[in-house]
Amino acid sequence: MNELIQQTLTWQNGLIFLGWAIVFLFIVLGFVTYAIYFERKVIGWMQFRHGPTRVGPLGLLQSVADVLKLLIKEDTIPQKADRTLFILAPIITFVPAFAVLAVIPYTPSLYFADLNVGLLYYAALSSLSTIGIILGGWASNNKYSLIGGMRSAAQMISYEIPLVISVVGVVMLSGGLSLRRIVEGQGSNFWEWNLLPQIIGFVVFMIAAVSELNRTPFDLPEAESELVAGYHVEYSGFRFAFFMLAEYVYVFAIASLTTVLFLGGWHPPLAILDFIPGLLWFMLKFVCVVFFLFWLRATMPRIRVDQLMSFGWKVLLPLALINIFVTAAYIELVVK
Amino acid sequence: MFELNFVWNGHSILFLILAVCIISGAVFMLHFSKIIHMVVSLAFTFIGLAGVYVLLEAEFVATVQILVYAGAISILMIFGIMMTKHDQLEESPRIQWKGILAGVGCLALFGAIFFAIRSTSFPSIPAVGPLAEDNTLELGKQIFTAHVIPFELLSVLLTVAFIGAIVVAKHDAEEKEVAGSATREEAE
């Protein structure tokens, strides 16, 4: 893939790039469709229900039917809404969600861009989505959506700091921000992954990531019982679908990022299992992380706003800082 | 001075697109009447600037530009607008001669900049090599070795400003509390 990117840009190459982007978009859309199905099934089983069973065999076409319904639904825009921003907000939310996927390496040869500052690129672009959410809440001209948007912005800003600081330890161990180099720095046994040496960083990262995704137990921006649906209360049809899509694409991105940073990417858990291709290992770890997120949603209650804020600033941030100091001391004393 | 040897390649086309983004963002920011629209167009300008940094192979600066300016500063401004009075539209009296004067000023500025750029000869800088290749690493080395004292001073300054902001906010809140309890006592 790298040789392809380094070639000069001709019409043919440009079309190849576009083709790959479209193929990848369809893979992500397929993931989103079945992630929603998987989530409903898993939560259903955990609560002794069946989940979707009616549309198609085992309910496999349920999400497809839902998407079709969303697409042919009437597109409503409230009369007193800020029309331009209302239309723009879902796009601003979705575009960064898809753009962050460009830096994630899936196997040693399958990746889209090996950026020098890959990790920082991820953090920077994902902060742009917040603007879309807050603008959507604002433009709807609805008090619930405004509160949802404000909560979302406050939460995403305060949890982005521990999220970025918790991965500094990983960056220090691998000596670079390039995600590909971070995976290559980890070994083919599970104790050589960043998971065990960076266990504090991993825990902080996971908690902050769930919060960044606005998922239970941190789903305050869309708390149904308080805010109806949060920032997308006034949205319907395909605009609403865009917000949901962005949310699930971030699930994809965070699960891939966790796999890359802490779970060794394409490396097998034991060196003797090396004969199984790397992409399969990546997918297996990825699915485990996605399952963990759904599992969390089925088990945890929602926490209060003040608890959320004090937890982020008073617990996660100091922990992430301690992690940096411990890692620095370890590198200084043991490695050097 | 006026001969332009413009080369059409991917680089220059991308630069033109980004330049249009930046300038239109800035112009719309001045032109819009609602403040929140201004912020969005300003964010657009910031993203365009980040694109120019990418073109100049300064990836680190580009990502920091998006992280700090397009992300944090824009959200801060949106928060500021929502917390304060935001409904009023900005209305300025339109005066005929003001527009003409502004136009003349713009032309003069363009002339000055154009003249300055065209009359300067840019010496071809010898390739710096490692700085362009792995500029994040080189930047880190420079900051933490050669420029470590200004860096530390700057962080102390920021910390002081940060604590000052907390003290000011806290003071206001305490005053309000005192006033609130005073009225409660009066009522009793």
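The name given to chain B in an unreviewed UniProt entry is NADH-quinone oxidoreductase subunit J, with the source organism recorded as Paenibacillus agilis. In its Catalytic activity (unreviewed entry) section, the UniProt record describing chain B reads: "a quinone + NADH + 5 H(+)(in) = a quinol + NAD(+) + 4 H(+)(out)". What UniProt states about chain B under its Function (unreviewed entry) heading is, verbatim, "NDH-1 shuttles electrons from NADH, via FMN and iron-sulfur (Fe-S) centers, to quinones in the respiratory chain. Couples the redox reaction to proton translocation (for every two electrons transferred, four hydrogen ions are translocated across the cytoplasmic membrane), and thus conserves the redox energy in a proton gradient."

Chain A is annotated in an unreviewed UniProt entry as NADH-quinone oxidoreductase subunit H of Paenibacillus agilis. In its Subunit (unreviewed entry) section, the UniProt record describing chain A reads: "NDH-1 is composed of 14 different subunits. Subunits NuoA, H, J, K, L, M, N constitute the membrane sector of the complex." Taken directly from UniProt, the Catalytic activity (unreviewed entry) text for chain A runs: "a quinone + NADH + 5 H(+)(in) = a quinol + NAD(+) + 4 H(+)(out)".

Student: When you look at the UniProt feature "transmembrane region" (unreviewed entry) in chain B in this model, what are you seeing that I'm missing?
Tutor: UniProt feature "transmembrane region" (unreviewed entry): in the numbering of this structure it lies at residues 6-28, 35-56, 62-83, 95-117 and 148-169 of chain B. The distance from the first to the last C-alpha atom of residues 148-169 of chain B is 32 Å, and the span holds 100% helix and 0% strand.

Student: For this particular structure, what's the right way to read the side chain of S211 of chain A?
Tutor: Considering the arrangement of structural elements, one finds S211 of chain A in helix α9 (residues 199-212). If we ignore the near neighbours within four places in the chain, the residues touching S211 of chain A are Q155, Y159 and F218 of chain A.

Student: Looking at this model, I keep getting lost on the interface of chain B and chain A. Mind explaining?
Tutor: Where interface size is given, it is often the accessible area lost as the parts come together that is meant. Chain B puts 24 residues into the contact, and the matching count from chain A is 26 residues. Here chain B and chain A share an interface that buries about 2,100 Å² over both sides, 82% of which is from carbon and sulfur atoms. Three residues stand out in chain B for area buried against chain A, namely L67, I75 and M82 of chain B, and they jointly supply 26% of the buried area on that side. Linking chain B with chain A are zero salt bridges, by the criterion used here. Taken together, chain B and chain A are joined by one residue pair in polar contact (both at pLDDT 80 or more). Counting residues per element, the ones that place at least two in the side of chain B that touches chain A are α2 (35-55), α3 (59-83) and α6 (135-145) of chain B. Looking at the side of chain B that touches chain A, the element that brings in the most residues is α3 of chain B, giving 14 residues.

Student: Can you help me understand the packing of helix α6 (residues 143-166) of chain A against helix α13 (residues 305-335) of chain A in this one?
Tutor: Two packed helices can be described by the angle between their axes and the distance between those axes. Residue and element names in this part refer to chain A. In contact at an axis separation of 8 Å, α6 and α13 are set at 15° when each is read in the N-to-C sense. Taken together, the axes of α6 and α13 are roughly parallel relative to one another. Classified by chirality, the crossing of α13 by α6 is left-handed. Here R151, A154, Q155, S158, Y159, I161, P162, I165 and S166 of α6 come into contact with α13, specifically with V305, L308, M309, F311, G312, W313, L316, L317, A320, L321, N323 and I324. Partitioning the contact of α6 with α13 into residue classes produces 15 nonpolar, five polar and one charged.

Student: Please clarify how helix α2 (residues 11-46) of chain A should be interpreted in this entry.
Tutor: An α-helical turn contains 3.6 residues, so any two residues separated by three or four positions project in the same direction. Between its first and last C-alpha atoms α2 of chain A spans 52 Å; for 36 residues at 1.5 Å apiece the expected length is 52 Å, and the two agree. One or two residues past the end of α2 of chain A sits F48 of chain A, with phi positive at roughly 55°.

Student: Which parts of the structure should I look at to understand empty space enclosed by the protein?
Tutor: Rolled over the atoms, a probe as big as a water molecule pinpoints where empty space is left. Residue and element names in this part refer to chain A. Summed over the entire model, instances satisfying the criterion amount to two cavities of 30 Å³ or more. Computed from the structure, the largest cavity encloses a volume of approximately 100 Å³. Sorting the residues of the lining of the largest cavity by element identifies α5 (118-139) and α11 (237-261) as the ones contributing at least two each. The element best represented in the lining of the largest cavity is α11, accounting for four residues. Of the residues that constitute the lining of the largest cavity, the class distribution is seven nonpolar, three polar and two charged.

What counts and what doesn't
Residues numbered from 1 in each chain as written. Chains lettered and ligands numbered in written order. Predicted model: local features only at pLDDT ≥ 70, side-chain atom pairs only at ≥ 80, totals over all residues. Heavy atoms only, no water. UniProt positions renumbered as here; feature names shortened; annotations may be inferred. Helix = DSSP H or I, 4+ residues; strand = E, 2+ residues; numbered from the N terminus. Contact = heavy atoms within 4.5 Å. Buried area = accessible area lost by both parts, 1.4 Å probe. Salt bridge = Lys/Arg side-chain N within 4 Å of Asp/Glu carboxyl O. Polar contact = N/O pair within 3.5 Å; in protein donor to acceptor, adjacent residues only side chain to side chain. Axes fitted to C-alpha atoms, helices over the stretch in contact; angles between N-to-C directions. Parallel < 35°, antiparallel > 145°, perpendicular 65-115°, else oblique. Left-handed = near helix turned anticlockwise from the far one by under 90°. Nonpolar A, V, L, I, M, F, W, Y, C, P; charged D, E, K, R; others polar. Expected span 1.5 Å × (residues − 1). 1 Å grid on protein atoms, 1.4 Å probe; cavity = no way out; pocket = protein on both sides within 12 Å on 5 of 7 lines; lining within 4 Å. Points joined across faces, edges and corners; volume = space filled by probe spheres on them.

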